[in-house]
Amino acid sequence: LEFRRVLFRSKMKEAEQEKIRIQRELLETQKRLEAVVANSPIILFLLDDKGNFTLFEGKGLHDTGIDTKSQIGEPIESISSLIPISRDDFAETMKGKERTSVCQVGEKFYEVFYSPMKSENDDVTGVIGVASDITIHKLAEEELKKAKQRSEEHTSELQSHSDLVCRLLLEK
């Protein structure tokens, strides 16, 4: 009987030490994630099943002037004109499918990724998402389109001149 008590205490101590180790690892992982979010030009958000913020942070919010702490519990619509997160995308994601959208807010362009959060029963309980500022990429894309259009116009103009020269030469 005494042996069983000692064994039981030993197992309980091991389990407690394992629990403490896992809690430390979780805390370290959380700190690393917070550091990444705080120093990356992104907006990280969690929305409950009603579309209210349960997490809202990231360096990408720096220029918006939004108090992120005061947004917890608030609906998307309370700041929808200032951020690239939409009720329509939220509603579609709540149907269980990931989605990505590109939108413009003011002078900035964002790519926003939405993913459903699911319970153990596979019920959608909310949405997790990340919005990335892609303004530089969009501006480069627009410049590339303009350059391509100018090139095509010059090519067409050169072709017209070439055709004219050929006709003049053939007439002689």
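Before reading on, note that the structure itself is shown above.
Residues numbered from 1 in each chain as written. Predicted model: local features only at pLDDT ≥ 70, side-chain atom pairs only at ≥ 80, totals over all residues. Heavy atoms only, no water.

Draft legend 1. Spotlight on the side chain of Ser-101. Within the element layout of this structure, Ser-101 appears in strand E3 (residues 99-105). A distance of 2.9 Å separates a polar atom in the side chain of Ser-101 from a polar atom in the side chain of Asp-89. (Helix = DSSP H or I, 4+ residues; strand = E, 2+ residues; numbered from the N terminus. Polar contact = N/O pair within 3.5 Å; in protein donor to acceptor, adjacent residues only side chain to side chain.)

Draft legend 2. Just the packing of aromatic side chains, in detail. On inspection of all chains with the given rule, the structure shows 2 aromatic pairs. A centroid spacing of 5.7 Å and a plane angle of 70 degrees characterise the contact between Phe-45 and Tyr-114, whose relative ring orientation is edge-to-face. Here Tyr-114 lies in strand E4 (residues 108-118) and Phe-45 lies in strand E1 (residues 42-48), a separation of 69 residues in the sequence. Summarising the burial analysis for this pair, Phe-45 and Tyr-114 share the class buried. (Phe/Tyr/Trp six-rings, centres within 6.5 Å; stacked < 30°, edge-to-face > 60°. Buried < 20%, exposed > 50% of the residue type's maximum accessible area, 1.4 Å probe, protein only.)

Draft legend 3. Spotlight on the sheet that holds strand E5 (residues 124-133). Taken in spatial order, the 5 strands make up an open sheet running E2-E1-E5-E4-E3, and their pairing is antiparallel. Of all the strands in the sheet, the pair left with one neighbour each is strand E2 (53-57) and E3. Geometrically, the sheet is characterised by an average inter-axis angle of 20 degrees between neighbouring strands, direction not taken into account. (Pairing = 2+ DSSP bridges. Axes fitted to C-alpha atoms, helices over the stretch in contact; angles between N-to-C directions.)

Draft legend 4. The arrangement of the nonpolar core in detail. Judged by nonpolar contacts, the single largest core of 19 residues is most densely connected at Ile-43, Phe-45, Leu-47, Phe-53, Phe-56, Ile-83 and Ile-85. Secondary structure elements with two or more residues in this core: E1, E2, E4 and E5. Filtering out sequence-adjacent residues up to four positions away, Phe-53 remains in contact with Phe-45, Leu-46, Leu-47, Gln-71, Ile-72, Gly-73, Glu-74, Pro-75, Ile-76, Ile-79, Ile-83 and Ile-85. (Core = buried A, V, L, I, M, F, W, Y, C linked by side-chain atoms within 4.5 Å. Contact = heavy atoms within 4.5 Å.)

Draft legend 5. View of the pairing of E4. The sheet contact formed by E3 and E4 spans 7 bridges and is antiparallel. Note that in E4 the partner of Cys-103 across the bridge is Tyr-110. By the bridge criterion, 9 bridges tie E4 to E5 in an arrangement that is antiparallel. Bridged to Met-117 within E5 is Gly-126. Between E4 and E5, which follow one another and run antiparallel, lie 5 residues, and Asp-122 among them has a positive phi close to 70 degrees.

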